[in-house]
Amino acid sequence: MLKTLALAGAVALTGTAASAACAYDNKTQISLLAAAFEAWKAVADAMAECGNFKAELDQEFRTKQPAAFAAKPPLYQLGGVSNGTITPLINDATIRPLDDLVAKYGQDLSPNQLIRIDGKIMAIAMMVNTQHLQYRGDVLTDLDIAVPGTWDEVLAAADAIKQAGAVDYPLGATMKSGWDQGLDFINLFYGHGGEIVDEANQPTINNEAGVKALETMKAITAYLDPEYTVSDSTYVQQQFQQGKIAMANFWASRAGASGAEGESQVVGLVETAAAPRAVPDGPPATTIWWDGLVIAKNISDEEAEAAFQLIVEGLDTDMVQANNDAAIWLVPGYEPTRLAKGAIETLNAQPPARAYPSTVAMGLMHTALGNGTSDYLTGAKDAETTLADIEDAYVTSAREAGLIQ
Amino acid sequence: MKFRTFAAFVAPSLFMMILFIAVPLVSVLIQSFYVTQPVYERIEVESCTPGFPQPVCTTRTSSRPMLDEGGDVVTQTQFVGLQSYRNLIQPDRVRAALAAGSWDQLMTIDFWRALRFTLFFTLITLPMVIVLGLSIALAVNNAVHSLRGPVIFISLLPFIITPIIGGLSIRWLFIGDGILTSGLEWLLARNISMFSQAWTLELMMIIYRVWHVAPFAFVIFYAGLQTVNQDTLESAIIDGANRWERLRYVIVPHLMPLIIFIALIHLMDCYRVFEEIIAFSSQSYVISLQWLTYDLLSPDQAGNRAISRASASAMLTMVGIVILLIWPLRRTWREHKGSH
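Because the structure is a prediction, the values reported are computed rather than measured. (Residues numbered from 1 in each chain as written. Chains lettered and ligands numbered in written order. Predicted model: local features only at pLDDT ≥ 70, side-chain atom pairs only at ≥ 80, totals over all residues. Heavy atoms only, no water.)

### What about unusual backbone geometry?
And step 1. Looking along the chain, the bond that leaves A:Lys72 and enters A:Pro73 is cis, with omega of -5°.
And step 2. For A:Pro73, the location among the structural elements is in the loop between helix H3 (61–70) and strand S4 (78–82).
And step 3. Of note, the phi angle at A:Asp118 is positive, near 60°, even though the residue is not glycine.
And step 4. With respect to the element layout, A:Asp118 can be found in the loop between strand S5 (114–117) and strand S6 (120–136).
And step 5. Judged by its relative accessible area of 34%, A:Asp118 is partly exposed.
And step 6. Its identity is not glycine, yet B:Ala189 carries a phi of approximately 50°, on the positive side. (Helix = DSSP H or I, 4+ residues; strand = E, 2+ residues; numbered from the N terminus. Buried < 20%, exposed > 50% of the residue type's maximum accessible area, 1.4 Å probe, protein only.)

Below is the structure:
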């Protein structure tokens, strides 16, 4: 996910001498590997103020991280992860539990920031991210359309917008083939109450919820730019900025940029609401993500302490107040902005949306879905065949990975 | 040359070739027969995720790799024979598709879909590259002397550009309301989406590849044209051969070894078509064998990689290249023998 959120390229930041902004002087050399987007840059900058700190913000961090943390000694003491990318680090046990450090230094952290896995605190979260409904307030008001709350209403609204010809394409969607398209299916599938795998890791997507999710995806494509298979987050963001689309179920972390002054032609016209539901009394059809920090296992306790102190310093209220718009921060001191409305409504919805599961099975299924769903959208297969083939692909890779026998 | 001297000269490169080509190849071959996987255990895991404002905790059974005392993941390696190849080729589904006589059904299997495009792409671009390369070479050869330098320079430009960069340039020219798509839309007065069906994507890939490789063929042919026997050409003119006949009976036979050489290189390169798939993000519609290997080898976010299947896929790609090369290699070999 971070890849889709990230800014281009790798950015290396080198810490300068400790300045007044940091409460103490860091003596131990600490380095961080994290994704490259605005929120990480803000945190890395705040940490660098304590001195002896180096951050590597890299689009490809996901490929590097497992190997870099498995090395003895690890190449980085601190890692930036999300609930999707923490899985290999937990599985290979290359990160350490933080309970004692939290007890010692973490009085100011909110309970919401403590990511507990198997009872132990394994990561300190800094922000949440989710998809929400992002829409053009002016278009909906002009056409006298109420803000849609379900996908049926979204499609009805899209039809009305198409009739009126208000924009080039009523909807946008991150349906780039591969990871993005896989997530779109997962969102809708969860929205229809589906479960990806059962207790024995056998796939359970070839059912009514799976077919409905595919059908909704197909219905959405009718209102998209026909080239939707290349449409990633940046593409959708640009479509918003250029006023080409009116609505999209889109990353909360992109809301600011979509209506940003200087970049966008629709400044102030972008609004957000909770992610649409797939069924009226179901959860929002989306998944919830967090980004946060982990500490490597194979380092000395002194280094770990120094690293943890940097986390506390990097995630303090000063940093959040200075970078309030960069993310939906979990850190005390965050003031939700106008555009955070959709994400917060999504997070508070009842029944609640699911957190994206950090499991091996999920990684395998996400890949199988990303490669398989387009066969239905392009018309190469019908829904049942598509889902059966995706299940086959999943079973093959799960066998090869040793997850099922 | 004495054998010892010869051996001394060849040994370093031979060593490098063994180290960097033969050994990895053997290693890939072996890996394609084995599967290494972590040993999983099932445990109850309680995990908490941030909510707004309160965290949400859930308990689920989850599979985790077992760790040994040293804290490393316990793995097991087992010999699986041709299982990875079967997973890739899917003989059962192929049989079912053939029994049903359904081409579409066969094309839903990734490997065969990739093979179909790879072969089609390789074989269709080959004659185009040779004809275009030869045409440019002939045109340059007949151009006024003062013009040759600049013309050669301009013709070589596509070849200098890194393939993925060239591919991305084409992407930006055509994607969405790219400048060329807009131009075409204006010309044909209709809406055009180059990235929303297979055939337009394949067309762009073919055009791009020919544009990119033709300069290579051109350089080789141009060099070859400098060695055409002028006496033979002049006598052909005296015998009344027209331009076409001179090309057909004098120039092309003279260039034949070079044509075979270019075919050889092009088949090898083109069968590994990859950059186009990435640059055009075409995997919903079109994939290639090399892309398939890459996709199997890329870790997903949980860190899984299908290394055995990727090895099998890489081996099959190599076998495919060898089969394609049999014809030109045999021809070269026969000519080589004939010249002695």
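Having seen it, we continue.
### Here we look at the nonpolar core
And step 1. Residues A:Phe53, A:Ile124, A:Ile295 and A:Trp329 are the most contacted members of the largest nonpolar core, which totals 74 residues.
And step 2. When residues no more than four places from it in sequence are discounted, the contact partners of A:Ile124 are A:Leu98, A:Val102, A:Leu109, A:Gln113, A:Leu114, A:Gly292, A:Leu293, A:Phe308, A:Ile311 and A:Leu315.
And step 3. Counting residues in each nonpolar core, the second largest holds 69 residues, with B:Phe221, B:Val273, B:Ile277 and B:Ile287 among its members. (Core = buried A, V, L, I, M, F, W, Y, C linked by side-chain atoms within 4.5 Å. Contact = heavy atoms within 4.5 Å.)

### Quick look at the UniProt feature "transmembrane region" (unreviewed entry) in chain B
And step 1. With numbering aligned to this structure, UniProt lists the feature "transmembrane region" (unreviewed entry) at residues 6–30, 117–140, 152–174, 206–225, 247–265 and 306–327 of chain B.
And step 2. Here residues 117–140 of chain B runs as 100% helix and 0% strand, with 34 Å between its end C-alpha atoms. (UniProt positions renumbered as here; feature names shortened; annotations may be inferred.)

### A few points about the interface of chain A and chain B
And step 1. Taken together, the contacts link 68 residues of chain A with 59 residues of chain B.
And step 2. In this assembly, chain A packs against chain B so that about 4800 Å² is buried in total across both faces, 48% of it on carbon and sulfur atoms.
And step 3. Looking at the side of chain A facing chain B, the largest losses of area belong to A:Asn112, A:Glu227 and A:Glu400, adding up to 15% of the total buried there.
And step 4. Of the charged contacts in the structure, one is a salt bridge between A:Lys72 and B:Asp72, with a shortest N-O distance of 3.8 Å.
And step 5. One can count 15 residue pairs in polar contact (both at pLDDT 80 or more) joining chain A with chain B. (Buried area = accessible area lost by both parts, 1.4 Å probe. Salt bridge = Lys/Arg side-chain N within 4 Å of Asp/Glu carboxyl O. Polar contact = N/O pair within 3.5 Å; in protein donor to acceptor, adjacent residues only side chain to side chain.)

### Quick notes on the state of the cysteines
Residues and elements named next belong to chain A.
And step 1. For the structure on display, the rule yields one disulfide over all chains.
And step 2. Here cysteine 22 pairs with cysteine 50 through a disulfide, and the sulfurs are 1.9 Å apart. Of note, the bridge from cysteine 22 to cysteine 50 carries an S-S torsion of about 90° and is right-handed in sense. With a gap of 28 residues between them, cysteine 22 in the loop between strand S1 (11–14) and strand S2 (30–34) and cysteine 50 in the loop between helix H2 (38–48) and strand S3 (53–57) connect regions that are remote in the sequence. (Disulfide = S-S within 2.5 Å.)

### Thoughts on the pairing of S6(A)
Residue and element names in this part refer to chain A.
And step 1. Counting buried residues in S6 gives 16 out of 17 residues, a clear majority hidden from the surface.
And step 2. One ladder, built from four bridges, connects S5 with S6; its direction is antiparallel. Each residue of the ladder has a partner; that of isoleucine 117, found in S6, is lysine 120.
And step 3. Between S5 and S6, which pair antiparallel one after the other, the connecting turn spans two residues, and aspartate 118 there sits at a positive phi close to 60°.
And step 4. Pairing of S6 with strand S10 (residues 287–295) involves six bridges; the strand directions are antiparallel. Looking at the pairing, isoleucine 124 lines up with leucine 293 of S10.
And step 5. Note that S6 and strand S8 (residues 245–251) share five bridges and pair antiparallel. Its bridge partner being in S8, glutamine 131 is matched across the sheet by tryptophan 251.
And step 6. With four bridges joining them, S6 and strand S9 (residues 270–273) adopt antiparallel strand pairing. Counted as the bridge partner of tyrosine 135 is glutamate 271 from S9. (Pairing = 2+ DSSP bridges.)

### Focus: empty space enclosed by the protein
And step 1. As enumerated under the stated definition, the model contains four cavities of 30 Å³ or more in all.
And step 2. The computed volume of the largest cavity comes to approximately 100 Å³.
And step 3. In terms of lining residues, the largest cavity is bounded by A:Trp151, A:Gly172, A:Ala173, A:Thr174, A:Met175, A:Asp184, A:Asn187, A:Leu188, A:Ile220, A:Asn249 and A:Ala285.
And step 4. Per-element accounting of the lining of the largest cavity gives the leading share, three residues, to helix H8 (residues 179–191) of chain A.
And step 5. Grouping the amino acids of the lining of the largest cavity by side-chain chemistry returns six nonpolar, four polar and one charged.
And step 6. Taken as a whole, the second largest cavity encloses approximately 60 Å³ of empty space.
And step 7. Forming the walls of the second largest cavity are A:Ser177, A:Gly370, A:Asn371, A:Ser374, B:Asp110, B:Arg113, B:Gln283, B:Ser284, B:Ile287 and B:Trp291.
And step 8. Counting only elements with at least two residues in the lining of the second largest cavity, the list comes to helix H15 (360–372) of chain A together with helix H5 (110–142) of chain B. (1 Å grid on protein atoms, 1.4 Å probe; cavity = no way out; pocket = protein on both sides within 12 Å on 5 of 7 lines; lining within 4 Å. Points joined across faces, edges and corners; volume = space filled by probe spheres on them. Nonpolar A, V, L, I, M, F, W, Y, C, P; charged D, E, K, R; others polar.)

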